[in-house]
Amino acid sequence: MPERMLGEELALHKISRRKLLKFATAMAASLALHPSMAAAIAENLAKARRQSVIWISGQECTGCLETITRSASPTLESLIFDFISLDYQSVLMAAAGEAADRTLREAAAANKGNYLLAIDGSLSIKDGGVYSMTGGRSDLQILREFAGNAKAILAIGTCAAYGGIPKAAPNPTGAAGIEDVIGDKPIVNIPGCPPIPEVLTGVLVNFLSFGRLPDLDEQKRPLAYFGTTIHDQCYRRPFYDQGKFAKSFDDEGARQGWCLFELGCKGPITQNACASLKWNGGTSFPIQSGHGCLGCAEPDFWDKGSFYTSLAGGQGPGWKDIAIASGAGLAAGTAAAIAARRSRSAIDQSIEHERKTKSGTET
Amino acid sequence: MTLLDFARGPALYWSVLILIGGLVWRLSGVLFLPFQRNLATPRGGGIEPVYGAISTIFSRMLPHREFWHRTAVGGMLGYAFHIGLLVIVVGGAAHVAVIKSATGLSWTPLPKGIIALVSGMTFTVLIIVLIRRLMHPVLRLLSNFDDYASLVLTIFPVLTGILLAGETFGSFGLLLAIHILSVTALMIWLPFGKLAHTVFVFFGRGALGANFARKGAAK
Amino acid sequence: MSAPDATPKRASHRLAETAHQNDSARVKAGMRAFISDFGPTAAIFMEACVHCGQCAEACQFYVETGDPRYTPIHKIEPFKQAYEREAGPFALLFRALGLAPRVTLEELNQWQDLLYDSCNMCGRCSLICPMGIDIADLVEKARHGMFEAGLVPPDYLGAIAEKERSTGSPFEITQEHFRQTLLEIGKKYGVEMHVDEEKADVVPTVSSIDIKMFPASMAAMARVLNHIGVSWSFRTDGFDADNVSLVAGDRKGQRAVTEAIVAAAIHCKAKTLIMPECGHSYTEMRWEAANSVGKRLPFRVLHISEYLAECISDGSLKVNRVSQSCTFNDPCQISRRSGASAAPRAVLSALGADLREMPDGGDMNWCCGGGGGVALIGRAQALRDKAFQIKMRQVEATGADTVYVSCSGCRQTLEHGGKKFQWNKTVGSLLELVSDNLATIERVLP
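Residues numbered from 1 in each chain as written. Chains lettered and ligands numbered in written order. Predicted model: local features only at pLDDT ≥ 70, side-chain atom pairs only at ≥ 80, totals over all residues. Heavy atoms only, no water.

Draft legend 1. Representation of the overall build of chain B. A count of helical and extended segments in chain B gives 9 helices and 0 strands. For chain B, the N- to C-terminal ordering of α and β elements is α-α-α-α-α-α-α-α-α. By principal-axis analysis of the C-alpha atoms, chain B measures approximately 65 × 40 × 35 Å. The long-range fraction of contacts in chain B, counting pairs at least 24 apart against all pairs at least 6 apart in sequence, stands at 71%. Separation between the mean location of the 17 positive side-chain charges and that of the 6 negative ones in chain B comes to 10 Å. (Helix = DSSP H or I, 4+ residues; strand = E, 2+ residues; numbered from the N terminus. Contact = heavy atoms within 4.5 Å. Lys, Arg positive; Asp, Glu negative; His and termini not counted. Charge placed at Lys NZ, Arg CZ, Asp CG, Glu CD.)

As structure tokens, then:
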């Protein structure tokens, strides 16, 4: 492949330097970097070589790939995406079977120590990973083989980051996130079900510009995108503050666009950029469409009870359980009373006996 | 499982069961003790004791006039935080939502600002009550672990609720978890200490009211 | 039950706090008594306390001394401790976790003056408690255990309780002696006495304090009953209603005294038993006697003030009017604890007295400090004197010079207190006031 610099590639596509600078400024803001970094980003992007990216998959639904590659019209971001060297991606690539396997091994060998390893879907750990296999090998094996020579690992989507939907109880395949398996490589978690495409772009731009991953929080998520909760950026926040809540999906409050807290919105405990960056190029996001946040960028979001139980509530006991507990209490109390009655009647009897036998005499 | 998952899940589940089971235990253990029939001729017979029991439940809410000046401070402090707690629990929007999800009953909550004011008042009064309990000679003599634990376990939900509603520090999830856990702690302790007076106040006043009505005595 | 003409026996060693009984036996006896008192009502009361401390504000002993130990609910602490350990719903749990320590003799000892010296069982605390706890009733129950553990103050409540139990009278007054006394009083005061008649509709009883200190009240009783014209008789086999055993906590003695009176009244087929001017004697016969003897009483029990009011109302008792301003000291057991505060007022009204009610009087009256056996505890004198200050202030506030009482306990306390503090008030008995002012009735003889 011709080793053109990114700046040359852009020029070929008639993307001016000015446009690149504008893009760099936007990315600096997106990455929560100081505006003065824009020039450095532009400079470094222009000089960047095409970065090798190997994309392997675990137990995934392909939604993460769809979100990232599906765009309504070519955008500069998608062009940038085009200028990484996506050396292996089982859905997008033309090759299949043994040819695909060969491509993977050759790409990894050719870029040894330099490629970014992107993964979507969770890993199956149970029973040696037999529940998720590609080409006769478990994806767990494949990951271990190729993680060793990667520069860094991008865990794309909640499944790759934390285990996601396959990990939901009872977790029959032993699904796990990448970080549960790999401990000795820098990992970026880009959660979301699916994640916002601009987040991946930002991570890549950061890597291309500065040769390293952006600042991460303790859950290894890029701080710039996952540093605040949906609640903190939500446009419906004034309604929350005023106590105006929709009680059902078609009541007056819902029609007025009131806060969806009581309909189960998990916005306050979910960190992502949905409320600010939004989806489909900033068109909308679930709350704007009238449905509460599912918390899909958080670990185990599928196992936190109903999506429609508000955070103020929980999984309290049902009436049957309460009846059983009352019955248990009644049994314990009755037993205690019986014990007390026994000791009292024994005493009453002995007092009565004493009274009868000792009447008229002293002590 | 995060702390919030624990709070909204097993903690909430078991604390409600312990609260209800524990209270039923305590009440049945008391009511099933051997009862002695009263053979004395009543002054107020027949159904009078029933009226006495019910009316005393309400009349004891206000002390006799002769006691007012000596009980004013304690009485007003007590009412202040009890009413405050009631307003917060029954009027706070989040609490109305909890009750609705548990029982299906719901009503219009009070505005957030009113709840904030009442919460501030309630918290302040509870602190004053705690200080008073530590300083007043009678209260200091009477008070044991139960008294202080009950006060602290009542103060924490109010305090953590204020911190949560104001989204003061840390993450929403952590504040919410701590608030829910403070309530579950209160619920777990309630049946076993003096907080069970939530139930026994009715039985105490009722028993005295019934007995005194039987005697025709002043209640 | 009373021994006829028996020589007085020596006080039992159990009352004298000696080492004749070992500690563990005494505690065990005390606990037995406690446990036999744990019923649902007492349990509810003990479960309901929230340590609010308001009961202290109603108690004359706390109010006048400021000593928090006199907080009423604090007085029953060992009783409550035993309940939680032995009969409470969580007894097993608390015992297993070591949260319910045994009551020790040392602890009971420390509580002796709280349960006896500083409690009149007057019931003011029971009226103030926001949880509706009848604390006075719990004190009465707790005294049972204290007595059995040999901890009733021996000087001289314990001593006279023992005499009452063994002889039927706290002052060892025998039947024969009482008969003679009555006949002498009849002669001295010129009043017809009826003693030990086989049949009588009305049987009056007397308080031992009256026998000792106010013999004129027995004459007054006779004179009034003669005036009313009912068939009545004193019974020497059941006369001493004082029931010091009750306030000492001796249930055996309490029952013995009661049984004698009930038997005497039944013997002469009485319709009405009259309790003298006394507090706890009325409480015993009116509210507890039927339970002590295990069956409903076949006669009415009335306090003398109730009987006087009743007879005034039905016209069988006519009194002259006395133009006197006075105040009235309600006896705690009759007014507050029994709901009979209207009766003495009806009597005073019939007498045309200018009654000036005390502040905090009537059902809310402060105890004079002498009731519940406290007047019988020598070492409690100083404490009683403090409590008495409230009574003096109450009476002063009325501006009246005369206080009428309907309880010889109050009468004795007010008179002694008056002397001690050079108080210039006259203390008078309501019964004697009536007796001194009987109007002539035209009676058509059958």
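Right, picking up where we left off after that structure.
Draft legend 2. Inspection of the interface of chain A and chain C at higher detail. Counting residues at the interface gives 13 residues for chain A and 17 residues for chain C. Carbon and sulfur atoms make up 50% of the surface buried where chain A meets chain C, a total of about 1200 Å² over both sides. Here chain A and chain C share 1 salt bridge between them. Residue Arg255(C) is joined to Glu352(A) by a salt bridge in which the shortest nitrogen-to-oxygen separation is 3.9 Å. (Buried area = accessible area lost by both parts, 1.4 Å probe. Salt bridge = Lys/Arg side-chain N within 4 Å of Asp/Glu carboxyl O.)

Draft legend 3. Examining the sheet that holds strand 9 (residues 187–190) of chain A more closely. All names here are of chain A. Strands sit in the order 2-1-3-7-9 across an open sheet of 5 strands; the sheet is parallel. With partners counted over all chains shown, the strands left at the sheet margins are strand 2 (84–89) and strand 9, one partner each. Across this sheet, the average inter-strand angle for adjacent strands is 20°, counted without regard to direction. Both strand 7 (residues 152–156) and strand 9 contribute to a ladder of 4 bridges, which runs parallel. Each residue of the ladder has a partner; that of Ala155, found in strand 9, is Asn189. Along the sheet, helix 7 (residues 139–147) contacts strand 1 (51–57), strand 3 (116–120) and strand 7; its crossing angle with strand 3, the most-contacted strand, is approximately 160°. (Pairing = 2+ DSSP bridges. Axes fitted to C-alpha atoms, helices over the stretch in contact; angles between N-to-C directions.)

Draft legend 4. Main features of the domain arrangement of chain C. All names here are of chain C. Domain assignment breaks chain C into domain 1 (23–154) and domain 2 (162–312). Here the C-alpha centroids of domain 1 and domain 2 sit 32 Å apart. Listed as interface residues are 12 residues of domain 1 and, on the opposing side, 11 residues of domain 2. Area buried by domain 1 at its contact with domain 2 is led by Glu140, His144 and Phe147, which between them contribute 54% of it. Taken together, the connections running from domain 1 to domain 2 amount to 1 salt bridge. Of the charged contacts, one joins Asp37 and Arg251 as a salt bridge, the two residues approaching to 3.5 Å between their closest N and O atoms. Broken down by element, the residue count for the side of domain 1 that touches domain 2 peaks at 5 residues, all from helix 11 (residues 135–148). (Domains from an automatic or database assignment.)

Draft legend 5. Molecular detail of the interface of chain B and chain C. Contact residues are listed per partner, giving 53 residues for chain B and 58 residues for chain C. Regarding the contact of chain B and chain C, the summed buried area is about 4800 Å², with carbon and sulfur atoms giving 62% of it. Contact with chain C buries area across many residues of chain B, yet Leu39(B), Phe67(B) and Arg70(B) alone supply 14% of it, more than any other trio. Linking chain B with chain C are 3 salt bridges. Between Glu57(C) and Arg70(B) there is a salt bridge, and its shortest N-O distance comes to 2.8 Å. Secondary-structure elements contributing two or more residues to the side of chain B that touches chain C are helix 1 (3–31), helix 3 (68–91), helix 6 (137–142) and helix 9 (197–215) of chain B. Per-element tally for the side of chain B that touches chain C: the top contributor is helix 9 of chain B, with 12 residues. Its residues assigned to classes, the side of chain B that touches chain C shows 25 nonpolar, 15 polar and 13 charged. (Nonpolar A, V, L, I, M, F, W, Y, C, P; charged D, E, K, R; others polar.)

Draft legend 6. Highlighting a nonpolar patch on the surface. All names here are of chain B. Taken together, the side chains of Ile47, Val50, Tyr51, Ile54, Phe58, Met61, Tyr79 and Ile83 make up a nonpolar region of the molecular surface, amounting to roughly 820 Å² of accessible area. Those elements that place two or more of their residues in the nonpolar patch are helix 2 (48–59) and helix 3. Sort the elements by how many residues they give to the nonpolar patch and helix 2 lands first, with 4 residues. Here Phe58 is to be found in helix 2. (Patch = residues over 30% accessible without salt bridge, like charges linked within 9 Å, V, L, I, M, F, W, Y side chains within 5 Å. Areas by Shrake-Rupley, 256 points an atom, 1.4 Å probe, with all protein chains shown as cover.)

Draft legend 7. Structural detail: the nonpolar core. Counting residues in hydrophobic clusters, the biggest one holds 111 residues, and the most contacted among them are Phe38(C), Ile76(C), Leu108(C), Ile133(C) and Leu157(C). Ranked by the residues each element gives to this core, the list is headed by helix 1 of chain B, at 9 residues. Setting aside its immediate chain neighbours within four residues, Phe38(C) contacts Arg344(A), Leu33(B), Pro34(B), Met46(C), Phe79(C), Ala82(C), Tyr83(C) and Ala87(C). (Core = buried A, V, L, I, M, F, W, Y, C linked by side-chain atoms within 4.5 Å. Buried < 20%, exposed > 50% of the residue type's maximum accessible area, 1.4 Å probe, protein only.)

Draft legend 8. Main features of the pattern of salt bridges. Residue and element names in this part refer to chain A. Summed over the entire model, instances satisfying the criterion amount to 46 salt bridges over all chains. Put simply, Glu252 and Arg255 hold a salt bridge, and the shortest N to O gap is 3.8 Å. Residue Glu252 and its partner Arg255 are both found in helix 13 (residues 252–255); the two are separated by 3 residues, about one turn of the helix. Accessibility expressed as a relative area gives 62% for Arg255, which makes it exposed.

Draft legend 9. Local environment of the sheet that holds strand 5 (residues 354–355) of chain C. All names here are of chain C. Within the open sheet, the 4 strands sit side by side as 5-4-6-7. Their pairing is parallel. What marks the edges here is a single partner per strand, and that holds for strand 5 and strand 7 (426–429). As judged from the 2 bridges shared by strand 4 (residues 325–329) and strand 5, these two strands associate in the parallel manner. The partner of Cys326 across the bridge, within strand 5, is Leu355. Of the strands in this sheet, strand 4, strand 5 and strand 6 (402–405) are in contact with helix 20 (residues 342–350), which crosses strand 4 at around 165°.

Draft legend 10. Up close: helix 17 (residues 251–267) of chain C. All names here are of chain C. Compared with an ideal rise of 1.5 Å per residue, which puts 17 residues at 24 Å, helix 17 spans 24 Å between its outermost C-alpha atoms and is within 8% of the ideal. Taken together, the buried positions of helix 17 are occupied by Gly253, Gln254, Ala256, Val257, Thr258, Ala260, Ile261, Val262, Ala264 and Ala265. Elements that come into contact with the buried residues of helix 17 comprise helix 11, helix 12 (157–167), strand 1 (202–204), helix 16 (244–248), strand 2 (272–275) and helix 18 (280–293). Of the residues flanking the start of helix 17, the one acting as N-cap is Asp250, its side-chain oxygen 3.1 Å from the backbone nitrogen of Lys252. Residue Lys269 follows helix 17 closely and has a positive phi angle near 50°. (Expected span 1.5 Å × (residues − 1). Polar contact = N/O pair within 3.5 Å; in protein donor to acceptor, adjacent residues only side chain to side chain.)

Draft legend 11. Quick look at the side chain of Ser245(C). Residue and element names in this part refer to chain C. One can find Ser245 in helix 16. By relative accessible area, which is 0% here, Ser245 ends up buried. Setting aside chain neighbours within four positions, we find Ser245 in contact with Ala161, Glu164, Asp250, Gly253 and Gln254.

Draft legend 12. Structural context of the packing of aromatic side chains. Residue and element names in this part refer to chain A. Counting across every chain of the model gives 23 aromatic pairs over all chains. Pairing Phe301 with Phe307 gives two aromatic rings, centres 6.4 Å apart and planes at 20°, and the pair type is stacked. With a centroid separation of 5.4 Å and an interplanar angle of 80°, the aromatic rings of Trp302 and Phe307 are classed as edge-to-face. Its relative accessible area of 18% is what places Phe307 among the buried residues. (Phe/Tyr/Trp six-rings, centres within 6.5 Å; stacked < 30°, edge-to-face > 60°.)

Draft legend 13. Layout of the environment of Gly378(C). Residues and elements named next belong to chain C. Assignment of secondary structure puts Gly378 in the loop between strand 5 and helix 21 (381–398). Assessed through its relative accessible area of 36%, Gly378 is described here as partly exposed. Taking C-alpha positions, Gly378 is 8.9 Å from Pro153, a pair spaced 225 residues apart along the chain. Those residues in contact with Gly378 that lie beyond four places of it in its chain are Asp155 and Tyr156.

Draft legend 14. Focus on unusual backbone geometry. Residues and elements named next belong to chain A. Following Ala169, the chain continues into Pro170 via a peptide bond in cis, with omega recorded as 5°. Relative to the helices and strands, Pro170 is located in the loop between helix 8 (157–162) and strand 8 (175–176). Backbone torsion omega between Cys193 and Pro194 reads 0°, so that peptide bond is classified as cis. When you line up the elements, Pro194 lands in the loop between strand 9 and helix 9 (197–210). A positive phi is found at Asn280, a non-glycine position, where the angle reads about 55°. Checked against the element boundaries, Asn280 lands in the loop between helix 14 (274–277) and helix 15 (319–357).

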